[in-house]
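Observations on the model geometry
Chain by chain, the residues run as shown.
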Amino acid sequence: MRCLITFVLILLLVKFGFAQGNDKGLTDSVSRQMQLYKAQKEAPSLFVHFDKNIYTNNETAWFTGYLTNANVSAMENHRVLSLALIRNADSAIIKQQKFLMGKGLSFGDMVLPDSMQAGNYHFMATTNRVSKGVPDVVFIQQITIKTNLQPAFNANVKLLEAGIAGQKPSQLVVSVTTKDSRFLPKPVDIQYQYGKLSKLAKTNASGELLLSLDEQVNLPDPNLYLKLKYGKDSSYLNMNMPVTRRHAIIRFYPEGGNMVTGLPGRVAWEAKDQQGAVLSVKAVLFKDQEVVDTVETNKYGIGKFMLAPEKGKTYALKLIHSGFADSAYLLPPAQDQGLVLFMRNGAVKDTLVLVLKNNLPNQRLWIRIHNFRETFTYASVQIHGPYNGFKIPMTAIPAGLNTITISDTLDRPYAERLFFAHYNPTRKIGITAAQNVYNQRQKLNLNLQLTGADSIAIVSVACVQANRMADKQSTDIESYTLLGRELSQVPVSEGRGIENLDFMEDLLLVRGWSRYSWQDLWKARAPDTGKVYDDTDLSIKIDKVKKPVQLGMLKGKSVVLLTTAANGEYHFKLDELLLESGKKMHILNTTADLAIRKNDPYERFNKGYLKLVPLEPQVVPSTVQNNRVLALKDNETAIRLKEVVINSKKDNGFFGRGPSGSNACGDYVCSYNILNCPNHFGDFGNTQPIPGHTYQSRGGPVRYQACEVTEENKKMIPLDGIYTQREFYKNDYADLQEPAFVSTLYWNHGILIDAKGRQISFYTGDITGKFRLIVQGISNKGLLYGDYTFEVKGK
């Protein structure tokens, strides 16, 4: 359905914050309310660039935190970045640490626990700015944990027969064997959950458990989840249960907000299933019982069509698909009188082209361009006739998401539309190399060059194995800050959605602000803007004392003396808690009868955030029917030797080995006898150094001095320090005997790039296949992203 419109273009030239012909104070009242709303809602945006999103247990996650959309004074208030690692299955906090933040940047790393089970997790990042238990900023990064060890036992779940709702149940079998496919000597405990059903069971003598499950209809998550436990070892499985009749969720989005009788307008529609997965479907458009058109959604589940609704007629879509229980969906009723907005493009480069179709009497309307925090353009226009066209320059409009609202003289809205100003998907940083294919352990030289108007930038760079980056879990600083943070449930696109014009146009038709609304704006009041921030300082309290007490604090190998207040309290300053990454900090309780309690607000806050910060609704998770699918392939891991205990009274001297792990001072020796080896930080084969023994180091042989404390000493109270940045160790892999199975070849943060560009160098390892280099950060003009893919071939 098409109509040819001839209209006169009226050029609106209005400066920022200036209202033409404003004789009723409308600009002042709405703008003042927006300022209150801004003070209440506005906060910087936090984005954290992680080196990858698929890890193994015991790997190191490298990251850079960026605060954007904040002025200098606001940035200075964010001094600590808190990072929590959380398991999706039960919201258990696996690990949490704090890192120094300054000038809106935080550089850090977290060693993932060796005991982590394979599965889905997420990082939750916040800062020290917390008011009434609610963080000013929060960032969630979904990750997957694979294991570099084969599971302790083999487990799988299999569908034997699909059921039919209300008639017969689905039949499944869970099978568990040893790693070499033999029967286990004892039964395996299995906890399984499907919808509202949750039960405990055991395998039989053959290592099997038969399940008969009746279909639960209309489940938001029709997955069966199983936890298998045998001795100290556990595994998790899940699979999609059969659904007899799926339900489609169809939503309609008339452009501008409403359909008006007799006025042709564009109607967007979106199709999803109950789990939020997008649906590519076809449908027939009906006017009462008459077929009007055949329409369809694209691969993002979004479609659009033109419609001029007739008075007294009912319009509906009927899906051409027998697999859905519901197939007919009514469109919203048309208004008898009103205005229809048509925007040529929602992704606007420099000029917004707008057509207003109406059946109103000639009158004056107001056009406001805003982002719910500020009004950038506010002008009155006189409409004449049914079609009025406008061209609005984007000179005074900031880049990114904005809203245009058309209202009457009483500020009652007729139509509203989201658009993206100054849309320019051209990448602002270029990455060049001499070749795209490299050998194992070969040096790479890459050039980074600013390609736009940017003259200086600060970026972080990661080069990782390509299969350690899952697209459905990937985001970048530009897409997240400009789209993902502001809109709800942005569908996963091919590549970067912000660079796909068709994707952007569809998205802007069916999405609105997730963080702002007119209802909340008008509720904003001046008293609400005075935020009081919670105390986030680490403190200790000695019970039952009435005078100051002197304590020692061990930081690494140095001891600092502290004196409490008369009531036994001591509040740590930030500088006192700064600690080198990987090192440990303790309070020395030299008096046995002192009862010292530690208060770390971040531990309490992180638990509270689990309820306040819901995860973005996820499409049904990937099926894990076999516990071996989350184990790395043999060609991606070094051979891991079984742990052997050797009892001998003879000291092996130079090659003597201490207990596993690092000691209370944070010192360790890698399997190549290197003290605090940066290339094996957190490796499972590390041992504690033995006092008096000589080890290799980056500076040559060194004789290790004693660490005076042990973890078992009850007079040592561990403290969680605030970690400073650690440099990524760049290895040239010159020692051919040392395996180089590393999935992160290169990481660097805080790289300054000016107009001359910057060169980076590193070496490939032993893993072959595709690798991706990702660069992202901030510049004097905005946000930057770039990537480069190359291949490593075997010799």
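This structure is a prediction, so every number in the text was calculated from the model and none was measured.

What counts and what doesn't
Residues numbered from 1 in each chain as written. Predicted model: local features only at pLDDT ≥ 70, side-chain atom pairs only at ≥ 80, totals over all residues. Heavy atoms only, no water. Helix = DSSP H or I, 4+ residues; strand = E, 2+ residues; numbered from the N terminus. Buried < 20%, exposed > 50% of the residue type's maximum accessible area, 1.4 Å probe, protein only. Areas by Shrake-Rupley, 256 points an atom, 1.4 Å probe, with all protein chains shown as cover. Salt bridge = Lys/Arg side-chain N within 4 Å of Asp/Glu carboxyl O. Expected span 1.5 Å × (residues − 1). Arc of directions from axis to C-beta. Contact = heavy atoms within 4.5 Å. Phe/Tyr/Trp six-rings, centres within 6.5 Å; stacked < 30°, edge-to-face > 60°. Pairing = 2+ DSSP bridges. Axes fitted to C-alpha atoms, helices over the stretch in contact; angles between N-to-C directions. Polar contact = N/O pair within 3.5 Å; in protein donor to acceptor, adjacent residues only side chain to side chain. Core = buried A, V, L, I, M, F, W, Y, C linked by side-chain atoms within 4.5 Å.

1. Some remarks on the overall build of the protein chain
Scanning the protein chain for helices and strands turns up seven helices and 52 strands. Counting the 795 residues in the protein chain, one finds 49% classified as buried. Approximately 38400 Å² of the protein chain is accessible, and the part contributed by carbon and sulfur atoms is 51%.

2. Description of the pattern of salt bridges
Under the counting rule described, the total for this entry stands at 30 salt bridges. Of the charged contacts in the structure, one is a salt bridge between Lys-287 and Glu-310, with a shortest N-O distance of 2.9 Å. Here Glu-310 lies in the loop between strand S24 (302-307) and strand S25 (315-319) and Lys-287 lies in strand S22 (residues 282-287), a separation of 23 residues in the sequence. Under the relative-accessibility criterion, Glu-310 is labelled partly exposed at 39%. Between Glu-486 and Arg-485 there is a salt bridge, with its nearest N and O atoms 3.3 Å apart. Comparing Glu-486 with Arg-485 shows no difference in burial state: the two are buried. Among the charged side chains, a salt-bridge network with shared partners connects Arg-427, Asp-476, Glu-478, Arg-496, Glu-499, Arg-772 and Asp-787.

3. So, helix H7 (residues 601-612)
With 12 residues, H7 extends 16 Å between its outermost C-alpha atoms, agreeing within 8% with the 16 Å of an ideal straight helix rising 1.5 Å per residue. Every buried residue belonging to H7 is among Pro-601, Tyr-602, Phe-605, Asn-606 and Tyr-609, and all of these are buried. Burial along H7 is one-sided: seen end-on, the buried residues are contained in an arc of 125°. H7 presents Lys-607 and Lys-611 as exposed residues on the side facing more than 90 degrees away from its buried surface. Residues of H7 that are buried in the fold lie against strand S6 (80-87), strand S7 (93-100), strand S9 (119-127), strand S10 (130-131), strand S11 (134-135) and strand S44 (596-599).

4. Some thoughts on the packing of aromatic side chains
Tallying each qualifying case throughout the model produces 19 aromatic pairs. An angle of 75° between the planes, with centres 5.2 Å apart, marks the rings of Trp-62 and Phe-728 as edge-to-face. Of this pair, Trp-62 sits in strand S5 (residues 60-68) while Phe-728 sits in the loop between strand S48 (722-723) and strand S49 (744-754), and the two are 666 residues apart along the sequence. A residue is classified by how much of its surface remains accessible, and Trp-62, at 5% relative accessible area, is buried. Measuring from centroid to centroid gives 5.6 Å for Tyr-438 and Phe-790, while their planes differ by 80°, and the two rings are edge-to-face. Of this pair, Tyr-438 sits in strand S35 (residues 437-439) while Phe-790 sits in strand S52 (residues 783-793), and the two are 352 residues apart along the sequence.

5. Some remarks on the pairing of strand S19 (residues 233-240)
Bridge count for strand S18 (residues 223-230) against S19 is eight bridges, and the pairing is antiparallel. Residue pairing in the sheet places Leu-224 in a bridge with Met-239 of S19. Here S18 folds back onto S19, and the loop between the two strands holds two residues, one of which, Gly-231, carries a positive phi near 65°.

6. Here's the deal with the sheet that holds strand S8 (residues 105-111)
Taken together, the three strands give an open sheet; going across it, the order is S3-S5-S8, and neighbouring strands pair in antiparallel fashion. Where the open sheet ends on each side, the last strands, each with one partner, are strand S3 (45-50) and S8. Between one strand axis and the next, the sheet turns through 25° on average, direction left out of account. Across seven bridges, the pairing between S5 and S8 is antiparallel.

7. Things to note about the environment of Ala-433
Locating Ala-433 in the fold gives a position in strand S34 (residues 429-433). In sequence terms Ala-433 and Tyr-788 are 355 residues apart; their C-alpha atoms lie 9.1 Å from each other. Excluding residues that lie within four positions of it along the chain, Ala-433 makes contacts with Tyr-438, Asn-445, Leu-446 and Tyr-788.

8. Comments concerning the environment of Trp-513
Secondary-structure assignment places Trp-513 in the loop between helix H4 (501-510) and helix H5 (518-523). Counting along the chain gives 95 residues from Trp-513 to Leu-418, while the straight-line C-alpha distance between them is 8.2 Å. Discounting residues that sit within four places of it in the chain, Trp-513 has contacts with Asn-371, Phe-372, Arg-373, Leu-401, Asn-402, Thr-403, Leu-418, Glu-486 and Leu-487.

9. Some remarks on helix H3 (residues 477-484)
At 3.6 residues per turn, the α-helix brings residues three or four places apart onto the same side. Counting buried residues in H3 gives six out of eight residues, a clear majority hidden from the surface. Those residues of H3 that sit buried are Ile-477, Glu-478, Ser-479, Tyr-480, Thr-481 and Leu-483. Where H3 begins, the side chain of Asp-476 points an oxygen toward the backbone nitrogen of Glu-478, at a separation of 3.0 Å.

10. Topic: the pairing of S5
Along S5, nine of the nine residues are buried, which leaves the element largely enclosed by surrounding structure. The side-chain alternation of S5 yields two buried faces, one formed by Thr-60, Trp-62, Thr-64, Tyr-66 and Thr-68 and the other by Ala-61, Phe-63, Gly-65 and Leu-67. Where S3 and S5 come together, six bridges link them in antiparallel fashion. Its bridge partner lying in S5, Val-48 is registered against Gly-65.

11. Some thoughts on the sheet that holds strand S4 (residues 54-56)
If you walk across this open sheet you meet the seven strands as S4-S12-S9-S6-S7-S48-S42, and the pairing is mixed. Bordering the open sheet on either side are S4 and strand S42 (578-579), each of which pairs with just one other strand. For S42 and S48, the ladder comprises two bridges, and the chain directions are parallel. Pairing of Leu-578 across the sheet is with Ile-722, part of S48. The sheet strands contacting H7 are S6, S7 and S9, and the helix crosses S7 at an angle near 125°.

12. Some details on the nonpolar core
Of all hydrophobic cores here, the largest spans 53 residues; its most connected members are Leu-46, Leu-83, Leu-112, Phe-123, Phe-572 and Ile-587. With near-sequence residues (within four places) excluded, Phe-123 lies in contact with Phe-50, Tyr-55, Ala-61, Leu-83, Ala-84, Leu-85, Met-110, Leu-112, Phe-139, Ile-140, Gln-141 and Ile-143.

13. A word on the side chain of Thr-564
Structurally, the position occupied by Thr-564 is in the loop between strand S40 (558-563) and strand S41 (569-571). Aside from chain neighbours lying at most four places away, what touches Thr-564 is Ile-542, Pro-548, Val-549, Leu-551, Glu-569 and Tyr-570.

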